[in-house]
Amino acid sequence: MTSPRIDTALVERLIAAQFPEWAGLPVREVNSAGTDNAMFRLGDDLAVRLPKADWAAGHAEKEQRWLPHLAPHLTLPVPVPVGHGRPGEGYERGWSVFAWLDGDDAYNAPVTDLAHAAVELGRFGVALRGVDATGGPHASRGGPVTDWEEGAMAPAVNALGADGTLDAEAATAAWESVLRLPAWQGDPVWQHGDLLPGNLLTRDGRLHAVIDFGALGTGDPAVDLMAAWSLLTPDTRPLFREAAEVDDATWARGRGWALCWGVVTEHYYRGKNHVLATVAHRTWTQALPEFAL
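Residues numbered from 1 in each chain as written. Predicted model: local features only at pLDDT ≥ 70, side-chain atom pairs only at ≥ 80, totals over all residues. Heavy atoms only, no water.

(A) Representation of the sheet that holds strand S5 (residues 95-99) in the model. Within the open sheet, the five strands sit side by side as S1-S2-S3-S5-S4. Their pairing is antiparallel. The open sheet has two edge strands, strand S1 (27-30) and strand S4 (81-85), and neither has a second partner. Going across the sheet, the axis of each strand differs from the next one's by a mean of 25°, ignoring polarity. Relative to strand S3 (residues 46-51), strand S2 (residues 37-42) runs antiparallel, the two being bridged by six bridges. Looking at S3, one finds that Ala38 is bridged to Leu50. Helix H1 (residues 8-18) rests against S1, S2, S3, S4 and S5 of the sheet, and its axis sits at about 110° to S3. (Pairing = 2+ DSSP bridges. Helix = DSSP H or I, 4+ residues; strand = E, 2+ residues; numbered from the N terminus. Axes fitted to C-alpha atoms, helices over the stretch in contact; angles between N-to-C directions. Contact = heavy atoms within 4.5 Å.)

(B) Spotlight on the pattern of salt bridges. Inspection of the entire model under this criterion finds 14 salt bridges. The shortest N-O distance in the salt bridge between Arg28 and Asp44 comes to 3.8 Å. Separated by 16 residues along the polypeptide, Arg28 in strand S1 and Asp44 in the loop between S2 and S3 bring together distant segments of the chain. The partly exposed category is assigned to Arg28, whose relative accessible area is 38%. (Salt bridge = Lys/Arg side-chain N within 4 Å of Asp/Glu carboxyl O. Buried < 20%, exposed > 50% of the residue type's maximum accessible area, 1.4 Å probe, protein only.)

(C) Spotlight on the sheet that holds strand S9 (residues 206-210). Judged by pairing direction, the sheet is antiparallel, and its three strands sit side by side in the order S6-S8-S9 without closing on themselves. Each edge of the open sheet carries a strand with a single partner, namely strand S6 (104-105) and S9. When S6 meets strand S8 (residues 200-203), the two strands line up antiparallel, connected through two bridges. Across the sheet, residue Asp105 finds its bridge partner in S8, namely Leu201. Packing against the sheet, helix H3 (residues 114-130) makes contact with S8 and S9, and its axis sits at approximately 25° to S9.

Given below as structure tokens:
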């Protein structure tokens, strides 16, 4: 069976069938450049999130299981699940209802107090890694960056180099240095896995909350350091690094993630998703110069 179009009408049917206490509340789609889930506001106090990509199937169940376990230990607000939706009305995946978190994402409403954000994000990472990870799911970005990129880096470098977007020689040398980095030797720890500006909420220019835990899992925490290059600046990165309490090798792997994710993602999404391509470009252009230092 083909899943129906994910729109307000579908959300209204699902809510009426499974959560009649909320039936009749207005449903409004939330514009997002995210590729995994569709988001809708339900009334003033609730949000509905439905996976729209095949690889996002199962995200709702994971967030329902683990967010209540993590939230009490974290230093920033995160989504609180208040309802677990089941397949129905022709929609074949699990879905979630969350308490609405006020704020705008940091792409559309950029952080203006970057020093505050750097410290708060670093502390958030420390708190997340400190939660017992026993039984936690393996993160899709929990291993070496090469497990994620699956050979896509070289073609992306060649393509972006050919049109002058990047210096292919410098990017190749930087990537080769990433490949020589030592692997994570510690026990698996929790990672958010997708700390990009679109998954950070701001209020009045300050970081306020972290959302979208679809990539949540356990493994090497290095991927969560990408925020240093996707969001922060050369003068605020040291504040983040100090607050994050990571060693030199983990920091270097995080920079490797920023380079690889940025180059591969810009190559894949340019012409398809302007927001992701823009964030990706910003990420690798912030990271690449540091390889020459």
